[in-house]
Amino acid sequence: MNIRKIRKDFPILDKKIHGKKLVYLDNAATSQKPIQVIDAISQFYKHHNANIHRGVHTLSEEATKAFEDAHTKASKFIGSTFEETIFTKGTTESLNLLAYSLKDKVKKGDEIVLSQMEHHSNITPWQVLAKQKGAKIKFLKINKQGALDKKQFSEVINKKTKIVSLAHMSNVLGTINPTKEIRKITAENNALFILDAAQTVPNIPVNVKKLDCDFLAFSGHKMLGPTGIGVLYGKKHLLEELPPFQTGGDMIEEVNFKESTWNKLPWKFEAGTPNIAGAVGFGAALDYLKKIGLETIQNYEHIISQKLIAEFDLLDFVELYGPKTSRGAVFAFNIKKLHSHDVATFLDEAGIAVRAGHHCAMPLTSTLGINGSVRASFYFYNTEEEVMMLISELKRIKGLLTK
Ligand code: PLP
């Protein structure tokens with residue numbers, strides 16, 4: 001991987017912030033976009049823009065092909081099939097779709113299992129469902145290292161469990177969760193296994209057939225694509241059973257004055273005019289990532305992570321949350337006695353973009369016994385030099401504190 005060449009594809013990385021070179025370490029929130037993605041969207045609007053699936057004219061056929069090609073690319077990217085790959089607005093909409101469409105599978109007294117490290121979008125849709133149905137939500141606990149102890153799986157997941165929905169990787173702790181063990185125990189108990197893969201699909205090879213999950217959700221904007229486009233994968237027989245989330249144009253087969261029948265998969269779950277240009281940009285993002293290779297990205301981010309962990313180990317004023325192994329390149333930490341927002345503001349003055357606060361994981365923040373944290377999250381276009389810039393700025397901030 002030629003990092004210098006790669007960085008040239010990302011125009012924004014040349015930007016100066018407060019007169020300093022931008023160091024973008026907020027990739028878990030959203031990634032930057034290469035010129036190939038920006039151009040694909042612009043080319044679509046310049047040369048192919050039309051609505052899809054409805055027109056017989058040439059432009060509409062071109063737009064339809066571009067949109068469907070993006071579905072094919074997304075399905076291949078995660079080892080699924082065209083029919084099983086639904087485009088949504090992103091992970092949040094995918095999980096809301098599921099919680100809505102699975103409503104008939106959950107009844108009073110049933111249990112839904114999540115973990116303490118979930119993003120709000122994998123908590124709130126289930127809370128709404130549980131409230132409507134009189135079901136109970138149980139949370140798998142994290143240990144001191146910020147990982148899930150496997151011992152608890154058989155205690156928490158049982159015959160009452162209907163759904164287990166879990167972050168594949170925590171957007172705060174960086175923990176990569178043990179899917180094999182969870183899959184086994186959900187299958188033994190006839191429960192559905194859902195993965196929130198917003199943080200893994202951009203960074204590590206993900207294959208839905210190997211994971212054997214029932215459903216999986218992710219967002220295009222965290223993997224070089226535009227905002228407003230993402231994926232819900234579901235096993236075909238399950239998607240066929242479920243009622244649609246939204247109804248209206250394009251998702252129907254036939255409508256009369258009394259009732260309607262639904263279109264085939266995946267269109268049954270894609271009501272209305274979709275984000276066509278977004279899908280085209282997403283397709284270009286998938287091409288870009290595929291060219292580099294997810295294994296290459298994973299290995300590179302591992303090197304970056306090891307470097308950061310080694311440097312953090314030398315800083316006694318930094319408290320790092322999350323495990324040191326089985327993790328991705330997302331690091332939440334605090335400088336002792338400083339508020340995370342203050343640290344992030346100091347870093348911004350140095351051109352370093354990080355996130356501060358609860359990172360849409362308030363229950364996790366309170367479990368950790370903190371009121372927030374600073375989060376530095378890396379992608380394959382970040383460099384070891386940028387790791388060192390973060391470290392030296394943290395030292396400078398600490399120095400200011402002791403003056
Ligand atoms: N789940 C996880 C683990 C995330 O990190 C995020 C975004 O930060 C989401 C869900 C929500 O993604 P989106 O806002 O793209 O729907």
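Residues numbered from 1 in each chain as written. Predicted model: local features only at pLDDT ≥ 70, side-chain atom pairs only at ≥ 80, totals over all residues. Heavy atoms only, no water.

**Details of empty space enclosed by the protein**
Just so we agree on the cut-off: Space inside and on the surface of the protein is sampled on a 1 Å grid over the protein atoms alone, with a cavity defined as a set of points where a 1.4 Å probe fits but cannot get out and a pocket as an open set with protein on both sides within 12 Å along at least 5 of 7 lines; lining residues have an atom within 4 Å of a point. Grid points are joined across faces, edges and corners, and a volume is the space filled by probe spheres set on the points. Gly falls in the polar group here, along with every residue not listed as nonpolar (Ala, Val, Leu, Ile, Met, Phe, Trp, Tyr, Cys, Pro) or charged (Asp, Glu, Lys, Arg).
Counted by the stated rule, this structure contains two cavities of 30 Å³ or more. The computed volume of the largest cavity comes to approximately 90 Å³. Contributing to the lining of the largest cavity are 13 residues, with Asn27, Ala28, Gln199, Asn203 and Phe378 lying nearest its centre. Its residues assigned to classes, the lining of the largest cavity comprises seven nonpolar, four polar and two charged. Its boundaries defined by the atoms lining it, the second largest cavity holds a volume of some 30 Å³. In this structure, the second largest cavity is lined by Val172, Gly357, His359, Thr365, Leu368, Ile370, Gly372 and Ser373. Here the lining of the second largest cavity is built from residues that sort into three nonpolar, five polar and no charged.

**What to know about the domain arrangement of the protein**
Stated precisely, the cut-off is as follows: An automatic or database domain assignment supplies the residue ranges for each domain. Reported buried area values correspond to the accessible surface (1.4 Å probe) lost by two parts on association, with both partners' losses combined. Salt bridges are defined by distance alone: a side-chain nitrogen of Lys or Arg within 4 Å of a carboxyl oxygen of Asp or Glu. Counting of polar contacts relies on pairs of N or O atoms within 3.5 Å, with two restrictions inside protein: one atom must be capable of donating a hydrogen and the other of accepting it, and residues adjacent in sequence are counted only when both atoms are side-chain atoms. Numbering goes from the N terminus for both helices and strands, where a helix is a DSSP run of H or I of at least four residues and a strand is a run of E of at least two.
For the protein, the domain assignment lists domain 1 (3-31 + 294-394) and domain 2 (38-291). The C-alpha-based centres of domain 1 and domain 2 are spaced at 27 Å. Roughly 2,700 Å² is buried in total at the junction of domain 1 and domain 2, and carbon and sulfur atoms are behind 60% of that figure. Summed over the shared surface of domain 1 and domain 2, the number is zero salt bridges. Where domain 1 meets domain 2, there are 16 residue pairs in polar contact (both at pLDDT 80 or more). Elements with a minimum of two residues in the side of domain 1 that touches domain 2: helix 11 (294-313), strand 14 (330-335), helix 13 (362-367) and strand 17 (373-377). When residues in the side of domain 1 that touches domain 2 are grouped by element, the largest group, five residues, is from helix 11. Looking at the side of domain 1 that touches domain 2, its residues break down into 22 nonpolar, ten polar and five charged.

**Some thoughts on the packing of helix 12 (residues 340-349) against helix 14 (residues 384-402)**
Selection criterion: Axis lines are fitted to C-alpha atoms, over the contacting stretch for helices. Their N-to-C directions set the angle, which ranges from 0 to 180 degrees. Oblique is the label for any angle not under 35 degrees, not over 145, and not in the 65 to 115 range, which are roughly parallel, roughly antiparallel and roughly perpendicular in turn. Throughout, a crossing is termed right-handed when the near helix is turned clockwise from the far one, and left-handed when it is turned anticlockwise from it by less than a right angle. What makes two residues a contact is simply this: any of their non-hydrogen atoms within 4.5 Å.
The contact between helix 12 and helix 14 brings their axes to 10 Å, and the two run at 120°. Our classification of the angle between helix 12 and helix 14 gives oblique. The handedness of the crossing between helix 12 and helix 14 comes out as right-handed. Facing Val343, Phe346 and Leu347 of helix 12, the residues of helix 14 in contact are Leu390, Glu393, Leu394, Arg396, Ile397 and Leu400.

**As for the side chain of threonine 200**
Tracing the chain through its elements places threonine 200 in the loop between strand 8 (192-196) and helix 8 (208-211). Among the polar contacts listed, one links the side chain of threonine 200 to the side chain of histidine 168, at a separation of 2.8 Å. Apart from residues lying up to four places away in sequence, threonine 200 is in contact with His168, Met169 and Val206.

**Brief notes about helix 2 (residues 35-48)**
As a reminder of what qualifies: Multiplying 1.5 Å by the helix residue count minus one yields the expected span of that helix. Classification of residues uses two cut-offs on accessible area relative to the type maximum, computed with a 1.4 Å probe and protein chains only: under 20% is buried, over 50% is exposed, and between them is partly exposed. The arc in question is traced by the directions running from the helix axis to the C-beta atoms.
Over its 14 residues, helix 2 extends 19 Å from the first C-alpha to the last, a length consistent with the 20 Å expected when each residue adds 1.5 Å. For helix 2, the full list of buried residues reads Val37, Ala40 and Phe44. One face of helix 2 carries all of its buried residues, which in axial projection span an arc of 55°. Exposed residues lying more than 90 degrees from the buried face of helix 2 are Tyr45 and Lys46. Taken together, the buried residues of helix 2 touch helix 3 (58-77) and helix 10 (276-292).

**Quick word on the sheet that holds strand 6 (residues 136-140)**
Going by this rule: Note: two strands are recorded as paired if DSSP finds a minimum of 2 bridges between them.
In spatial order, the strands read 4-10-9-8-7-5-6; together these seven strands make up an open sheet with mixed pairing. Only two strands of the sheet have a single neighbouring strand rather than two, namely strand 4 (85-88) and strand 6. Across the sheet, the mean angle from the axis of one strand to that of its neighbour is 20°, orientation sign disregarded. Packed onto the sheet, helix 4 (residues 91-101) meets strand 4, strand 7 (161-167), strand 8, strand 9 (215-219) and strand 10 (230-234) and runs at close to 150° relative to strand 9.

**Brief notes about helix 11**
Helix length check: helix 11 (20 residues) gives 28 Å between terminal C-alpha atoms against 28 Å at 1.5 Å per residue, within 8%. Residues of helix 11 that are buried include every one of Leu294, Ile297, Tyr300, Glu301, Ile304, Ser305, Leu308, Ile309, Glu311 and Phe312, and no others. Residues of helix 11 that are buried sit in contact with helix 1 (3-8), helix 3, helix 10, strand 13 (318-321), strand 14 and helix 14.

**Observations regarding the pairing of strand 11 (residues 252-255)**
Bridge count for strand 11 against strand 12 (residues 260-262) is three bridges, and the pairing is antiparallel. Note on strand 12: the bridge partner recorded for isoleucine 252 is tryptophan 262. What sits between the antiparallel neighbours strand 11 and strand 12 is a turn of four residues.

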